[in-house]
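# Structural overview
Here is how the chains run, residue by residue.
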Amino acid sequence: MSSDPAFRAPIGVHDVLPPESGRWADVVTRFARRAGIFGFGLIQTPLFEHIEVFRRVGEHTDVVSKEMYEFRDKGDRHLALRPEGTASVVRAYVQHRPLPPWKVWYFAPNFRYERPQKGRYRQHWQLGVEVLGLDDPAIDIEVIALASGFYRDLGLRDLRLIINSMGDAKGRGAYVEALRSHLLNSSDALGPEFVERVEANPLRVLDSRNPEWQSVIETAPLISDHLSPDASAHFEAVKAGLNALGIEFEVDGRLVRGFDYYTRTTFEFQSTALDAAQNAVGGGGRYDGLAEAMGGPPTPGIGFGIGVERLLLALDAEDVVSNAENNSQSVFVIDGLSGADELLLLTITSSLREAGISTERAYGGRSLKAQWKAADRCGARYGVMIGKAELERESVAVKDLETGEQIEVRRDQLVSWLQESFEENYE
Ligand code: HAM
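This write-up is about the structure you can find in this document. (Residues numbered from 1 in each chain as written. Predicted model: local features only at pLDDT ≥ 70, side-chain atom pairs only at ≥ 80, totals over all residues. Heavy atoms only, no water.)

## Observations regarding the overall build of the chain
What the chain contains, in helices and strands, is 16 helices and 16 strands. Principal axes of the C-alpha set define a box for the chain whose edges measure 90 × 55 × 45 Å. Counting across all 427 residues of the chain, residues that qualify as buried make up 49%. Carbon together with sulfur atoms contributes 50% to the accessible area of the chain, which is approximately 21300 Å² in total. For the chain, the distance from the average site of its 47 positive side-chain charges to the average site of its 64 negative ones is 3 Å. (Helix = DSSP H or I, 4+ residues; strand = E, 2+ residues; numbered from the N terminus. Buried < 20%, exposed > 50% of the residue type's maximum accessible area, 1.4 Å probe, protein only. Areas by Shrake-Rupley, 256 points an atom, 1.4 Å probe, with all protein chains shown as cover. Lys, Arg positive; Asp, Glu negative; His and termini not counted. Charge placed at Lys NZ, Arg CZ, Asp CG, Glu CD.)

## Examining the side chain of glutamate 390
Of note, glutamate 390 is situated in helix α15 (residues 388-393). In this structure glutamate 390 is buried but unpaired, with arginine 393 as the nearest side chain of opposite charge at 4.9 Å. (Salt bridge = Lys/Arg side-chain N within 4 Å of Asp/Glu carboxyl O.)

## Observations concerning the site of the ligand
Surrounding the ligand, one finds 27 residues, the nearest of these being Glu84, Thr86, Glu114, Tyr262 and Ala280. A distance of 2.5 Å is found between a nitrogen atom of the ligand and a side-chain nitrogen or oxygen belonging to glutamate 84. Side-chain polar atom of glutamate 130 to a nitrogen atom of the ligand: 2.9 Å apart, as the coordinates give it. Protein coverage of the free-state accessible area of the ligand, which is 650 Å², stands at 95%. When contributions to the shell around the ligand are tallied by element, the ones reaching two or more residues are β6 (123-132), β10 (280-286) and β11 (301-307). No other element matches the 6 residues that β10 contributes to the shell around the ligand. Looking at the shell around the ligand residue by residue, the classes come out as 9 nonpolar, 11 polar and 7 charged. (Near = heavy atom within 4 Å. Polar contact = N/O pair within 3.5 Å; in protein donor to acceptor, adjacent residues only side chain to side chain. Nonpolar A, V, L, I, M, F, W, Y, C, P; charged D, E, K, R; others polar.)

## Side note on a positive patch on the surface
On the surface, a cluster of positive charge is made up of Arg366, Lys369, Lys373 and Arg377. Residue class for lysine 369 comes out exposed when judged on its relative accessible area of 69%. (Patch = residues over 30% accessible without salt bridge, like charges linked within 9 Å, V, L, I, M, F, W, Y side chains within 5 Å.)

## Concerning the sheet that holds strand β15 (residues 395-400)
Pairing in this open sheet of 5 strands is mixed, and the strands run β13-β12-β14-β15-β16 from one edge to the other. Of all the strands in the sheet, the pair left with one neighbour each is β13 (358-361) and β16 (406-410). Direction aside, neighbouring strands of the sheet carry axes that sit 30 degrees apart on average. Pairing of strand β12 (residues 330-335) with β13, which is carried by 4 bridges, proceeds in the parallel orientation. Directly across from phenylalanine 332, in β13, lies its bridge partner glutamate 360. Across the sheet, helix α13 (residues 342-354) is in contact with β12, β13, β14 (382-386) and β15; its angle to β13 comes to roughly 160 degrees. Packing of helix α14 (residues 368-377) onto the sheet brings it into contact with β12, β14 and β15, and relative to β12 it is tilted by some 175 degrees. (Pairing = 2+ DSSP bridges. Axes fitted to C-alpha atoms, helices over the stretch in contact; angles between N-to-C directions. Contact = heavy atoms within 4.5 Å.)

## Overview of the sheet that holds strand β2 (residues 48-50)
Note on sheets: strands pair through backbone hydrogen bonds, and any given pair is parallel or antiparallel. With respect to topology, 3 strands assemble into an open sheet ordered β2-β4-β3, the strand pairing being antiparallel. The strands lining the two open edges of the sheet, one partner per strand, are β2 and β3 (70-72). Strand-to-strand, the axes of this sheet are offset by a mean angle of 35 degrees, without reference to chain direction. Sheet topology note: the β3/strand β4 (residues 78-81) ladder contains 3 bridges and is antiparallel. Across the sheet, residue arginine 72 finds its bridge partner in β4, namely histidine 78.

Structure representation (structure tokens):
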């Protein structure tokens, strides 16, 4: 380890190395497949944008007002690293005007200057989707079902889905005023920061974790009691759809989420296996006014983001082993000829890999003992060895590294022998 702090990753950010990165690849691949099945295409947006793009996310949110990595470039442009994915996707929608409905998914890093702790980092990665141009509650249900099925496929069980409706922008004014006067009436002892927040946007008080504010928050009026008939019918349709798909949920009238853009359906997936402060493994909702706020045509939108680091922590907390941690379908090629026929090793290794079999090998004429040890260490299922006798008989020795059993297989039958054996083991 380097002792010079300049050559260590900055606080709050992390390298992801093998074998841990194998779990990342597995999670991303599964998400990509699932998003494709649901009709989403991949989107990639820049890591940084003009600062105005993120200001639209909510000037009074912590993420924008306190945690943004902002800077001026050499051309004196005021830019910021992306703190979340939705704003950039909506900016891209407004800029390119694709035909709605537009359904995109992403796997992207986000940057927030937070106080680092387990499950809370200054760079975190999200897997997410966004849909622009659909107002129908059917898409709210599909988007929630996409996330819910993804968690279930990965093997997460201790998961809670919380949903709420934030109402529509039109109906929300009266509620926000009722909330503001409730909070200000009870604000005497709560200090200037509280009053400031209430005055800027009282909704932002509801998602505060400040323990001194909790009693006032608990008695605050609920947005779900102030929905317009339209917003209420939309919310009822979403709940009915989730019920029809057998997706369990709880309604929490206090779920407001951390951005100003949310309207109507909002939701959060929480892992009950994680500490409460960092238990959100994903969340999202509608943002029906955001495209317009960025100068685009009025376009409803909905999406979610899943925090990959949190997701992996939740899988660990539940002791779920992913496919990526399981090397039971791999092979290690061992040189029993002390480097005398490198081209044979090269072609055997290559033929296995080209047949889709995960294959490692030893390099540089190491002792047989060291090679078998390396085979064990990498968790391969079979060691495939070519010694002098095998070379003469055009065969290989295949050792099952789990049972220690060894058999001889003709070289031209090795691929099919391994494929059959993996298939049997798989069943
Ligand atoms: P968010 O709730 O801020 O929403 O973040 C989504 C997820 O990212 C969280 O549930 C959590 O798993 C993870 N996350 C957030 N901050 C951190 C952090 N500092 N360290 C580790 N993980 C973190 C959004 O970002 C919205 N853009 C989601 C959305 C998409 N809404 C509509 N569409």
